[in-house]
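Coordinate inspection notes
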Amino acid sequence: MTSPKTPPTYLSDEQIERLGDLLDLRAVPFQGFNLEALDGYLSALAVSPDVVPAHEWQAQIWGPKPPRWETTEEEQEVQELLLGHWNGCVARVRHGNEDLPEHLSPLLWLPEDPEAEQPDELDVGRDWAFGFFRAVELRDTAWQAWLEDNDWIDEIFALLEQLATGEIIPEDAADGVSKISYRERMEIVASLPGMLADLHQFRIEALTPRVPAKRADVPDRNAPCPCGSGKKYKKCHGA
């Protein structure tokens, strides 16, 4: 694998289009990711409980077999684009969901007029959620530990499952499974930046070492009391 140039901090519209074209040509026909799935995949990696090295996560993008590039220049270009988009996804989760700039917005296919009524069969966000869960599989045990201890993370996963499957699983199985509507999909999509920001903040807190409070040094019982009384510690403040 060739060493890429210094990747950009995020991809331009032209670079995003180029990356999408390369994925459509070299990944999608071979059970790999499209651009939307890649965005969900890298977003999950950016908030993962454990760091996943680039050589490991890149191997999943193209399908079961790595592609053969036409030239070393093409391979280098792909590396630059992938790492540039990774940088953008990391910047997204760090930014939070307040006034998220357009260049950091999640990459999802949307109809030309998202506010207009659309058929509920329109599976907006499905590929993004698919990519997210593919990244979770890379560190399934660590994610499972988070899910078991944090109900709010489980709720996020339940919403992403709705995007991925198109179904809403009720708490009471007797109520039966219902189909997610287009409007419900759009509400989940709109909340993605906030979900990622919360997961990022939780990740930072979880990875921050807890420094135990340092116990004050206690003088020997027969030593002079540090208060200056002239008495032994055991007969003064150590009594």
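In this report, the structure presented in the accompanying data block is examined. (Residues numbered from 1 in each chain as written. Predicted model: local features only at pLDDT ≥ 70, side-chain atom pairs only at ≥ 80, totals over all residues. Heavy atoms only, no water.)

This brings us to the side chain of glutamate 74. With respect to the helices and strands, the residue glutamate 74 is situated in helix H4 (residues 72–95). Classification of glutamate 74 by relative accessible area gives buried; the value is 12%. Setting aside its immediate chain neighbours within four residues, glutamate 74 contacts Leu22, Arg26 and Trp69. (Helix = DSSP H or I, 4+ residues; strand = E, 2+ residues; numbered from the N terminus. Buried < 20%, exposed > 50% of the residue type's maximum accessible area, 1.4 Å probe, protein only. Contact = heavy atoms within 4.5 Å.)

So, on to a negative patch on the surface. Taken together, Asp13, Glu14, Glu17, Asp21, Asp24 and Glu102 make up a surface patch of like negative charges. For aspartate 24, the position within the fold is in helix H1 (residues 13–26). (Patch = residues over 30% accessible without salt bridge, like charges linked within 9 Å, V, L, I, M, F, W, Y side chains within 5 Å. Areas by Shrake-Rupley, 256 points an atom, 1.4 Å probe, with all protein chains shown as cover. Salt bridge = Lys/Arg side-chain N within 4 Å of Asp/Glu carboxyl O. Lys, Arg positive; Asp, Glu negative; His and termini not counted. Charge placed at Lys NZ, Arg CZ, Asp CG, Glu CD.)

Using the criterion set out here, one finds 10 salt bridges in the structure. For glutamate 70, the salt bridge goes to arginine 26, with nearest N and O atoms at 3.6 Å. Note that glutamate 70 is positioned in the loop between helix H3 (54–59) and H4 and arginine 26 in helix H1, a separation of 44 residues in sequence. Through salt bridges with shared partners, a single network forms among Arg26, Glu70 and Glu74.

Time to look at the packing of aromatic side chains. Enumeration according to the criterion identifies 13 aromatic pairs in this entry. Plain terms: the ring middles of tryptophan 143 and phenylalanine 157 are 5.4 Å apart, the flat faces sit at 50° to each other, and that makes the pair tilted. Taken together, the residues span a long stretch of sequence, with tryptophan 143 in helix H6 (residues 140–149) and phenylalanine 157 in helix H7 (residues 151–165) at a distance of 14 residues. The pair formed by tryptophan 143 and phenylalanine 157 is uniform in burial state, with each residue classed as buried. Ring pairing ties together the aromatic residues Trp128, Phe132, Phe133, Trp143, Trp146, Trp152, Phe157 and Phe202, which thus form one cluster. (Phe/Tyr/Trp six-rings, centres within 6.5 Å; stacked < 30°, edge-to-face > 60°.)

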